[in-house]
Structures are given as C-alpha cells and as structure tokens.
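# Examination of the molecular architecture
Spelled out from the first residue to the last, the chains are:
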Amino acid sequence: MAKPYDWIGHALQVVHQANWHRSPVTISSRADTVVKIDDRDTLMFASNNYLGLAGDPRLIEAAIAATQTYGTGATGSRLVSGHLDLHQELETAIASLKQTEAALVFSSGYLANLGAIASVVGARDLVLQDAYNHSCLKNGAILSGAQVITYSHANISSLARELEQHRDRYRRCLITTDTVFSMDGDLCPLGEIMDLADRYDCMVLVDEAHATGVFGDRGAGVTNALGINRPLIQVGTLSKALGSLGGYVAGSAELIDFLRNRAASWIYTTGLSPADTAAALAAVKIIQTEPQRRQQLWQNLTALKQALSAVQIEPFSTDSQIVALKVGDTTQTLNVAAYLRQNDIFAPAIRPPTVPTARIRLTLMATHTIEQIEALVNCLTKCQSELALS
Ligand SMILES: *Cc1c(COP(=O)(O)O)cnc(C)c1O
C-alpha cells in the first residue's frame, strides 16, 4: 500500500502483539441453539436470540410478505420518501408494549442511543454514566458535547457523590445506564437511580437492549419488571430477543417529536427495511402473547445455576440470561473457550480491554434444552480437570 497508509499495518501489529486481535466466526445456518460453524454442528451459547425468535417461521413469513408488498428497501430517509405505514404500525406497537405515549424506530440500537443522547444534552449539560455502559451510550455522550462523568459500576453512592459535587454547575443533567449489563449480566439499581434523578432534577436514559422481550410480565424490560412509570427515556434494540434489526426510543410524545426533528442518526439515514420492520412487528406481538418463552428462559437459567454450583464454577452474576463465568486468567480463559470449541460448543472468552477481567460469557436461550445445558456444564467440568484449573 502507498505510504500514507503504512501506519495501518503497524497499528495492526500492535493489536496482534497485545493479543487483542479478533476476527469473526462464520456461521452458515439458520439462527438456532445448534448452528453450523466450519461445517460442524455447534451448540450456540453466545447468541442474543434469547427467545428463539430469529428463526421463528412467523417472523420469517412476515419478512417475506412485507418484502413482497413493499420491496426490499425503504428507498429514503423517513422524513423524505422512506416512511412506510409499516413503520408507523411498529412504532405504535412498541409504544403500547412500553406503555409510553410514543416510540421512534432507528436503524439500529447503536444509532438510537447516539441520536437520543446527542439530542437531549449539549455543551452546557452533564452526562453521568455507569462505568460498564455499552459503547453506544458512551459514544453518544461524547457526541453530545456535554461534560461526561463516569460513576462506579452500579454504585448508587458513587452516583450520588458525583451529583452532589457537580450537578448545580450544569443546565440539564442526563443519567445513562444499561438496565441489563451486556458483559456481566447484572442489573442496574434502577429504583434508586430514579430516586436520585428526582432529587437532583435529572433526566434518565435506560438502555433495555438485553431486557426487551426478556424482563417484565409483558416483556417490556426492567422498567416493566420494576413497575417504573415515571418519565424516562427508554432505548432498546429490535435485534436481540426480538430477532430482527433496528433500535427504538420510547417516551413522551414531545420527546419523540423532538427526536424526529433533532436526532441526526434518525434524520439522515434510510428507514428500516420492510423485512426488518415486519419481523420486529411480529416479534413485538409474540413477546406479549407468549410469556411461556420467558418462563422457559428463566427455567433454563435455574438449571444452569444449579449445574454450575454443583461443580463449583462461579458466575459473576445470575440476575439475567447473560451468565459470565470466572475460569482463571486471560490465558486460562482462552484455553477454556478453545476446549469448548473443540467439543463443538460455542461460548467465547471475553477479555481485556473489552472487560476488566477475562471470562467465558454464556447467553441462554428459551429454546435451549436441559440436555444442551448439561452438555455445556459437563464439558466445562472435563475441561477444568484436564486443564487443571483452580
Ligand atoms: C447490542 C447493544 C446495543 C446495540 O444494539 P444494536 O441494535 O445491535 O445496534 C446497544 N446497547 C446495548 C447494551 C447492547 O447490548
């Protein structure tokens, strides 16, 4: 490559030397608990398809029918030529699920967070964020130009301390947090955060990416599970339990109308494809009418917890369907992930710099069988004795 690009090769070498290099694993079959990787049937414990809906015939049918009716692309941004009645239907369905006045669908959850955060705060404002927040919340805060302060993970006294010290020097304040944290699978202390927000006159933005479809009697997320109905900016994704692609913001009619006029990541991008929109709409209906999928998921979590404690493997948290396991240092964790792969089980090692300490990160699905969960724990146990881990 020409000289101005030489640095890329050098930068890649640094990534390799630090042992941080990553590349995607290729899957060549439909989303399910068993998928084809390198032509081998592999037990999947890393998918966000928590309710098994990404391979559900009803979503597939809805996507096909919408493609036949509307074509493959939305053909424009929503404010120009890309707003379909199907988008309206999906936004109404999300608002009804979330019990908010309105909702707005973005092309991804990442873009929903960037757009929402950068719209509601600016240079004279303060963002207080959890240290373990998802990348898009952190980048949204940077994009907004607001002062950003990070409080200790899920630590309410750390948040209170920062508010006490800094709140009065800023115009608006936005507290941002995942409700289910993506790497440890633990929950934020949402009730206490809401109380502090009231006391210090703050807005709160929650990211329900891993909670939508999974938590609450309607599947509306942690806000639903905790019965929180105070004003709130609720963000989520259509790409995890809902099995499609896209993101949403749910909240007051004024907030949504404001975002339609201000959120650059919504205004200047093409509307969600008809297929994705229709699949998500089908999923939003299914999560409300089939609570048994959530019950199945929680039964699987109970089975996994019991099997792990019987063999003394310690999870970081068992609050959610994301279960991260401590299995040693970075090298040991990589060895365990490789051993699992050799035995046709996919449960990757997540390591620094993504997380402070290495772990095997498991995600459960409602459609996993007890036998599949037992196969996983048996393999972990064998691996522990063979690799002589503590
Ligand atoms: C996956 C994820 C997102 C991004 O959602 P996409 O729709 O995949 O862009 C946002 N926040 C959290 C916490 C996530 O885990």
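As a reminder, the structure under discussion sits directly above these lines.
First things first, this report covers the structure right here in the doc. (Residues numbered from 1 in each chain as written. Predicted model: local features only at pLDDT ≥ 70, side-chain atom pairs only at ≥ 80, totals over all residues. Heavy atoms only, no water.)

With that out of the way, let us pick up empty space enclosed by the protein. A complete count under the given rule lists 1 cavity of 30 Å³ or more for this structure. Empty space within the largest cavity amounts to approximately 50 Å³. Together, Arg78, Val105, Phe106, Ser107, Ser265, Trp266, Thr269, Thr270, Gly271 and Leu272 line the largest cavity. Counting only elements with at least two residues in the lining of the largest cavity, the list comes to strand 3 (102-106) and helix 10 (264-267). Considered class by class, the residues forming the lining of the largest cavity number 4 nonpolar, 5 polar and 1 charged. (1 Å grid on protein atoms, 1.4 Å probe; cavity = no way out; pocket = protein on both sides within 12 Å on 5 of 7 lines; lining within 4 Å. Points joined across faces, edges and corners; volume = space filled by probe spheres on them. Helix = DSSP H or I, 4+ residues; strand = E, 2+ residues; numbered from the N terminus. Nonpolar A, V, L, I, M, F, W, Y, C, P; charged D, E, K, R; others polar.)

Moving on, we get to the sheet that holds strand 14 (residues 359-363). Taken together, the 4 strands give an open sheet; going across it, the order is 10-11-14-13, and neighbouring strands pair in antiparallel fashion. The open sheet terminates on both sides in strands that have one partner only, identified here as strand 10 (314-315) and strand 13 (349-350). As paired strands, strand 11 (residues 322-326) and strand 14 are joined by 4 bridges and run antiparallel to one another. Residue Val323 lies in a different strand from strand 14, and its bridge partner there is Leu362. Relative to the sheet, helix 12 (residues 292-310) contacts strand 10, strand 11 and strand 14, its axis offset from that of strand 11 by approximately 10°. (Pairing = 2+ DSSP bridges. Contact = heavy atoms within 4.5 Å. Axes fitted to C-alpha atoms, helices over the stretch in contact; angles between N-to-C directions.)

The calculated volume of the largest pocket comes to roughly 1300 Å³. Lining the largest pocket are 46 residues, with Arg22, Met183, Pro348, Ala349 and Ile350 positioned closest to its centre. Take the lining of the largest pocket: its biggest share by element is 3 residues, from helix 13 (residues 330-342). Its residues placed into classes, the lining of the largest pocket shows 25 nonpolar, 13 polar and 8 charged. Of the volumes computed, that of the second largest pocket is approximately 600 Å³. Lining the second largest pocket are 26 residues, and of these Asn229, Arg230, Pro231, Leu232 and Ile233 sit closest to its centre.

Here the focus is the site of the ligand. The environment of the ligand is formed by 14 residues, the closest being Gly109, Asp207, His210, Thr237 and Lys240. In this structure, Thr237 approaches the ligand through a side-chain N or O atom, which is 2.6 Å from an oxygen atom. For the ligand, the accessible surface in isolation is 380 Å², of which the surrounding protein chains cover 86%. Class assignment of the residues belonging to the shell around the ligand gives a composition of 3 nonpolar, 8 polar and 3 charged. (Near = heavy atom within 4 Å. Polar contact = N/O pair within 3.5 Å; in protein donor to acceptor, adjacent residues only side chain to side chain. Areas by Shrake-Rupley, 256 points an atom, 1.4 Å probe, with all protein chains shown as cover.)

Let us look at the pattern of salt bridges. Here the structure, examined in full by the defined rule, presents 17 salt bridges. Between Arg172 and Asp125 there is a salt bridge whose closest N-O contact spans 3.9 Å. With Arg172 in the loop between helix 6 (156-166) and strand 6 (173-178) and Asp125 in the loop between helix 4 (109-120) and strand 4 (126-130), this residue pair connects regions lying 47 residues apart in the sequence. Across the pair Asp195 and Arg230 runs a salt bridge whose closest N-O atoms are separated by 3.4 Å. (Salt bridge = Lys/Arg side-chain N within 4 Å of Asp/Glu carboxyl O.)

All right, on to the sheet that holds strand 9 (residues 247-251) then. In space, the 7 strands of this open sheet follow the order 3-9-8-7-6-4-5, with mixed pairing throughout. Each end of this open sheet is capped by a strand with a single partner; those strands are strand 3 and strand 5 (147-151). For this sheet the average axis-to-axis angle between neighbouring strands, irrespective of direction, equals 20°. Judged from the 5 bridges that link them, strand 4 and strand 5 form a sheet pairing that is parallel. Residue Leu126 lies in a different strand from strand 5, and its bridge partner there is Gln147. Seen against the sheet, helix 5 (residues 135-144) touches strand 4, strand 5, strand 6 and strand 7 (203-207) and runs at an angle of roughly 165° to strand 4. With respect to the sheet, helix 9 (residues 253-262) is in contact with strand 3, strand 8 (233-237) and strand 9, its orientation differing from that of strand 9 by roughly 135°.

Attention shifts here to the packing of helix 4 against helix 9. At a minimum axis distance of 10 Å, the contact between helix 4 and helix 9 shows a crossing angle of 100°. The orientation of helix 4 relative to helix 9 falls into the category roughly perpendicular. Where helix 4 approaches helix 9, its residues Gly115, Ala116, Ser119 and Val120 are matched on the opposing element by Leu255, Phe258, Leu259 and Arg262. Across the contact of helix 4 with helix 9, the residue classes tally to 5 nonpolar, 2 polar and 1 charged. (Parallel < 35°, antiparallel > 145°, perpendicular 65-115°, else oblique.)

Next up on the list: the packing of aromatic side chains. Evaluation of the coordinates by the stated rule reveals 1 aromatic pair. Looking at Arg359, its charged tip hangs above the ring of Phe316, at a distance of 4.1 Å from the centre. (Phe/Tyr/Trp six-rings, centres within 6.5 Å; stacked < 30°, edge-to-face > 60°. Lys NZ or Arg CZ within 6 Å of the ring centre and 35° of its normal.)

Tracing the backbone through its elements, the reader meets Asp184 in the loop between strand 6 and helix 7 (190-199). Side-chain polar atoms of Asp184 contact the side chain of Arg359, separated by 2.5 Å. Setting aside chain neighbours within four positions, we find Asp184 in contact with Tyr132, Phe316, Ser317, Ile322 and Arg359.

What follows deals with the nonpolar core. Buried together is how nonpolar side chains tend to be arranged in soluble globular proteins. Core analysis: the biggest nonpolar cluster contains 88 residues, and Ile175 and Ile360 have the highest contact counts within it. When residues of this core are assigned to their parent elements, the largest contribution, 9 residues, is made by helix 11 (residues 274-289). Ignoring sequence-local partners within four residues, the contact set of Ile175 consists of Leu128, Tyr151, Leu159, Leu163, Ile193, Ala197, Cys202, Met203, Val204 and Leu205. Counting residues in hydrophobic clusters, the runner-up holds 23 residues, among them Leu104, Phe106, Val127 and Leu255. (Core = buried A, V, L, I, M, F, W, Y, C linked by side-chain atoms within 4.5 Å. Buried < 20%, exposed > 50% of the residue type's maximum accessible area, 1.4 Å probe, protein only.)

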